[in-house]
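So you can see what is in the structure, the chains are spelled out below.
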Amino acid sequence: MAENAKKVELSVSDRRSVWLRSTFLQGSWNYERMQNGGWCYAMIPAIKKLYTTKDEQSAALKRHLEFFNTQPFVASPILGVTLALEEDRANGAPVEDQAIQGVKVGMMGPLAGVGDPVFWFTLRPILAALGASLALSQNLLGPVLFFVLWNVARMAFMWYTQEFGYRVGTAITKDLSGGLLGKVTKGASILGMFILGALVMRWVSINFVIKVSEVQRSAGAYIDWANLPEGYEGLHQAFSQFAGGLSLEPTVVTTLQDNLNSLIPGLVPLLLTLGCMRLLKKNVSPIVIILALFIIGILGHIIGLL
Amino acid sequence: MSGISIILVILVAFLAGVEGILDEFEFHQPLVACTLIGIVTGQLGPCLVLGGQLQMIALGWANIGAAVSPDAALASVASAIILVKGGQGVDGVGTAIAVAVPLAVAGLFLTMVVRTLSVAVVHQMDAAAEKGNFSGIEIWQLIAIALQGLRIAIPAAALCVIPAEIVQNFLQSMPAWLTDGMAIGGGMVVAVGYALVINMMATPEVWPFFALGFVFAAIGDLTLIALGVIGVAMALIYLRLTESAGAAAGAAAGTGDPLGDILDDYE
C-alpha cells in the first residue's frame, strides 16, 4: 500500500465513466439484491483506479455487490458520495465497510421518495402527454420532443447530482434534511396535480349515446326536404333555409351526454378517475381494472348505452 | 415486411426490452417504440397515432421499488407489429390497443422471469468478485441486459414471421361490436393511469391544483404547453409564498427557485 507516497484521486474522466456506466444500473435487476450488479458495474472504473492489489480490488467489488435499490436517477448523488468515501479510504482514511454501506442504504430510501414522484409521476407523464397529444395528429415532433427533452434532463440531472455528491461527500445527507429537495418534490407535485386535472378533462373519453328524448320540431322550424324543388334550385333553397336558422332534422335528439355536458363538462371522466383511485386504494390490480373497463366498453356498446 | 424491415423491427424490440428494465432512455415507452417501428416499416402515420394513444394509457405505469408495472415494452412493440401487418392503417389502431393490454400483462410475467434468472447472474458476479475479476462482472452485467432485450426481441421476431394473412384474417374476423366496444373501453382505460399517478401524489395541500387544472382544461384555446406554463407559474408562486411565510419567523434562504439554486451552486 503506497498511498502515503502519492494521493490517488478520481479524475473527471473517471467520474464521467462512472456516470456513463450508471445508465446500466438496473441491467441485472434481480429479486435477491436488486440493483447490486449494476451498482458494482458502475463503480468498476473507480475501483480500478483507487486500488492496486488484487485483495483490495476483490474486497471492494464484494463491498459493492451488496443489496441496493432506489429510483435509478437519484442513485447518481449516492454514487457521488460513495466515490468520495472510497477515495478517502484508498488514501488511508479510516472509512469502514459499514460506513459505506450505511451511506448507501441511508440515502437510497429518502432519495427514492423524491425521485419517484418527480420523475415517474411528474416529469415523464407531462412530457409524454405533451408528446402523445402531438403524435395523435401524426406529428413526428411529439415523440422526438419527448425523447430529447427527457434524456437531456435525465443525463444532466445524473451528471450534476453525481458531481454534487462527490464534492460534498457525506454532507449531502445533511442537505437533504435541509428541505431543498423537499421543495422540489412539492413544486413537482403541484405541477403534476394541475396537469393531471387537465388530462382527466381532456383525454378520458366516455360518450353516453343513449337518447334521453326525441322531440318533434314544429313545422317551419326544419327544412322540409320532401317539398324542395328539383336540381340546383332545391340545393339553393335548402342552403338558404339552413343559413336562415332552420334545422336539418325534423326532430331534436338529446343524448344523456348532452345533458351531462350542460351540467359540468368532463364530469363523467372525473367520476371514473375517482372511482379508479378508490379501487386502486383497495388494492385492486390496475390490470384487473383495465380489463374490466374494456368489458364495460363492449357490453355498454352492445346495449346501446355507450 | 421486407427482410431489412424485420431485422430493424427486431433491433427496436431488443432496445425496448433493454429499456424496459433500465428505464433510462425510455425506448420502451409506446410513444418512442411505436414510432421507431413505424419508421422502419414505412408506416409512420398509423404507428404515431397508436403510440400516442397507448402512451396516454401507460402514463402512470412506473416501476416503483420492487413492484413491476404492466410492461410497456411488449405492449407497444407487439401491437405496433400487429398494426403494421394488419394493413388497416389508422383504422386498425383501436384493435391494436385492445391487443396491447393483455400483452402488457404477458410482458409483466416475462420480466419477472428474467429478474429471477438474474439472481443466478449476480451469483456469477460474486464468484468473479472473489477473484478480483473485473471483466467477469462486466460480462455478466451485459448478459443480464441482453436477456432483458431478448425477452421482447424473441416474441417480436415470432410475430414478424407469422404470415400477414393470418394476422389480417384474425383482425377481420373480429366483429364490429367487439372492436368498437374495445375502442370505447380504450377511451376509459386512460383513467386508470391517471388514478395511479394521483394516488401517489395527492395530499390535501395539492388537491386544489387538480381542481384548477380540471377547469382550465375546459378552455379549448389553451394548449397543453400553455397549461404547463400556468402550472409551473403557480408552483413557483406557491413555493415562494410558503417560503416568505416561513421566512417571517427566521432568515430567508435561496431565491425561491429550488432548481435555480441547485444550478447556481454548480456553475
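Structural data are supplied above this passage.
Residues numbered from 1 in each chain as written. Chains lettered and ligands numbered in written order. Predicted model: local features only at pLDDT ≥ 70, side-chain atom pairs only at ≥ 80, totals over all residues. Heavy atoms only, no water.

Caption draft 1: A look at the overall build of chain A. Counting its regular elements, chain A contains 12 helices and two strands. Reading the helices (α) and strands (β) of chain A from amino to carboxyl end gives α-α-α-α-α-α-α-α-β-α-β-α-α-α. On C-alpha atoms alone, chain A measures out to a radius of gyration of 31 Å, which is more than a quarter above the 19 Å that the 2.2 N^0.38 rule sets for 306 residues. Every one of the 306 residues in chain A was classed for burial, and the buried ones make up 51%. Relative to all contacts within chain A whose residues are 6 or more apart in sequence, the contacts with residues 24 or more apart total 74%. When the accessible surface of chain A is totalled, it reaches about 14100 Å², and 64% of it is carbon and sulfur. (Helix = DSSP H or I, 4+ residues; strand = E, 2+ residues; numbered from the N terminus. Rg over C-alpha atoms; globule rule 2.2 N^0.38 Å. Buried < 20%, exposed > 50% of the residue type's maximum accessible area, 1.4 Å probe, protein only. Contact = heavy atoms within 4.5 Å. Areas by Shrake-Rupley, 256 points an atom, 1.4 Å probe, with all protein chains shown as cover.)

Caption draft 2: The pattern of salt bridges, seen in detail. Taken as a whole and assessed by the stated rule, the structure comprises 12 salt bridges over all chains. For B:Glu138, the salt bridge is made with A:Arg21, and the minimal N-O distance between the two is 2.6 Å. Placement of the pair is B:Glu138 in helix H6 (residues 134-161) and A:Arg21 in helix H1 (residues 12-21), with the two residues belonging to separate chains. With its nearest N and O atoms 3.2 Å apart, the salt bridge here joins B:Asp23 to A:Arg124. Of this pair, B:Asp23 sits in the loop between helix H1 (3-22) and helix H2 (30-41) while A:Arg124 sits in helix H5 (residues 97-135), on two different chains. (Salt bridge = Lys/Arg side-chain N within 4 Å of Asp/Glu carboxyl O.)

Caption draft 3: Examining the packing of H1(A) against helix H2 (residues 36-50) of chain A more closely. All names here are of chain A. Orientation of H1 relative to H2, taken along the N-to-C sense of each, is 160°, at an axis distance of 7 Å. The angle between H1 and H2 places the two elements in the roughly antiparallel class. Note on packing geometry: the crossing formed by H1 with H2 is right-handed. In contact with Asp14, Ser17, Val18 and Arg21 of H1, H2 contributes Tyr41, Ala42, Ile44, Pro45, Ala46 and Lys49. (Axes fitted to C-alpha atoms, helices over the stretch in contact; angles between N-to-C directions. Parallel < 35°, antiparallel > 145°, perpendicular 65-115°, else oblique. Left-handed = near helix turned anticlockwise from the far one by under 90°.)

Caption draft 4: The interface of chain B and chain A, seen in detail. Contacts between the two partners involve 110 residues from chain B, matched on the other side by 107 residues from chain A. For the pair chain B and chain A, the summed buried surface comes to about 10000 Å²; carbon and sulfur atoms form 76% of the total. On inspection of chain B and its partner chain A, the count reaches seven salt bridges. Scanning the region where chain B abuts chain A turns up 24 residue pairs in polar contact (both at pLDDT 80 or more). When residues in the side of chain B that touches chain A are grouped by element, the largest group, 22 residues, is from helix H8 (residues 176-201) of chain B. (Buried area = accessible area lost by both parts, 1.4 Å probe. Polar contact = N/O pair within 3.5 Å; in protein donor to acceptor, adjacent residues only side chain to side chain.)

Caption draft 5: The packing of helix H9 (residues 207-216) of chain B against helix H10 (residues 224-247) of chain B, seen in detail. All names here are of chain B. Running from N to C, H9 and H10 point in directions that differ by 155°, and their axes come no closer than 11 Å. Classified by the interaxial angle, the pair formed by H9 and H10 is roughly antiparallel. Considering the relative orientation of H9 and H10, their crossing is right-handed. Residues Phe209, Leu212 and Phe216 of H9 form the contact with H10, whose participating residues are Leu227, Ile230, Met234 and Tyr238. Across the contact of H9 with H10, the residue classes tally to seven nonpolar, no polar and no charged. (Nonpolar A, V, L, I, M, F, W, Y, C, P; charged D, E, K, R; others polar.)

Caption draft 6: Quick look at the nonpolar core. In this structure, A:Met193, A:Leu196, A:Phe294, B:Leu50, B:Val77, B:Ile81 and B:Tyr194 are the most contacted members of the largest nonpolar core, which totals 115 residues. Ignoring any residue separated from it by four or fewer positions in sequence, one finds B:Val77 in contact with B:Ala13, B:Ala16, B:Ala33, B:Ile37, B:Ile152 and B:Ala156. (Core = buried A, V, L, I, M, F, W, Y, C linked by side-chain atoms within 4.5 Å.)

Caption draft 7: Helix H4 (residues 75-90) of chain A, seen in detail. Residue and element names in this part refer to chain A. Under the 1.5 Å per step criterion, the end-to-end length of H4 is 22 Å for 16 residues, consistent within 8% with the ideal 22 Å. Burial runs high along H4: 14 of the 16 residues are buried. Gly92 sits one or two residues past H4 and shows a positive phi near 100°. (Expected span 1.5 Å × (residues − 1).)

Caption draft 8: Structural detail: the environment of A:Leu191. With respect to the helices and strands, the residue A:Leu191 is situated in helix H8 (residues 180-203). Assessed through its relative accessible area of 16%, A:Leu191 is described here as buried. For the pair A:Leu191 and A:Phe242, spaced 51 residues apart in sequence, the C-alpha to C-alpha distance is 46 Å. Each residue touching A:Leu191, except ones within four places of it in the same chain, is listed here: A:Ile126, B:Gly228, B:Gly231, B:Val232 and B:Ala235.

Caption draft 9: Expanded view of helix H11 (residues 267-281) of chain A. All names here are of chain A. When the terminal C-alpha atoms of H11 are compared, their 21 Å separation across 15 residues agrees well with the 21 Å that a helix rising 1.5 Å per residue should span. Among the residues making up H11, those that are buried are Leu267, Val268, Pro269, Leu270, Leu272, Thr273, Cys276, Met277 and Leu280. Positive backbone phi, at 65°, marks Asn283, one or two positions downstream of H11.

Caption draft 10: View of the side chain of B:Glu26. Mapped onto the elements, B:Glu26 comes out in the loop between H1 and H2. Given a relative accessible area of 0%, B:Glu26 falls into the buried group.

Caption draft 11: Quick look at a nonpolar patch on the surface. On the surface, A:Leu140, A:Leu141, A:Val144, A:Val148, A:Val152 and B:Ile39 cluster together into a nonpolar patch covering about 500 Å² of accessible area. Tallying contributions element by element places helix H6 (residues 141-168) of chain A first for the nonpolar patch, with four residues. With respect to the element layout, A:Val152 can be found in helix H6. (Patch = residues over 30% accessible without salt bridge, like charges linked within 9 Å, V, L, I, M, F, W, Y side chains within 5 Å.)

Caption draft 12: Here's a closer look at unusual backbone geometry. With a phi close to 55°, A:Met34 is a non-glycine residue in the positive phi region. Structurally, A:Met34 can be placed in the loop between H1 and H2. Although it is not a glycine, B:Glu26 sits at a positive phi angle of roughly 70°.

Caption draft 13: Representation of the side chain of A:Asn91 in the model. Residues and elements named next belong to chain A. Mapped onto the secondary structure, Asn91 falls in the loop between H4 and H5. You can call Asn91 buried: its relative accessible area is 18%. Within polar-contact distance, the side chain of Asn91 engages the backbone nitrogen of Val8 at 2.9 Å.

Caption draft 14: Geometry of the packing of aromatic side chains. Residues and elements named next belong to chain A. Here the structure, examined in full by the defined rule, presents 16 aromatic pairs over all chains. Ring geometry for Trp39 and Phe68: centres 4.3 Å apart, planes at 45°, overall tilted. A residue pair is termed long-range when its members are at least 10 positions apart, and Trp39 in helix H2 and Phe68 in the loop between helix H3 (54-63) and H4 qualify at 29 residues. Given a relative accessible area of 0%, Trp39 falls into the buried group. One aromatic cluster is present, built from ring pairs that chain together Phe73, Phe119, Trp120, Phe146, Trp150 and Phe157. Sitting above the plane of the Trp159 ring, Arg16 keeps its charged end 5.0 Å from the centroid. Over the face of the ring belonging to Tyr41 we find Arg21, whose NZ or CZ atom lies 4.5 Å from the ring centre. (Phe/Tyr/Trp six-rings, centres within 6.5 Å; stacked < 30°, edge-to-face > 60°. Lys NZ or Arg CZ within 6 Å of the ring centre and 35° of its normal.)

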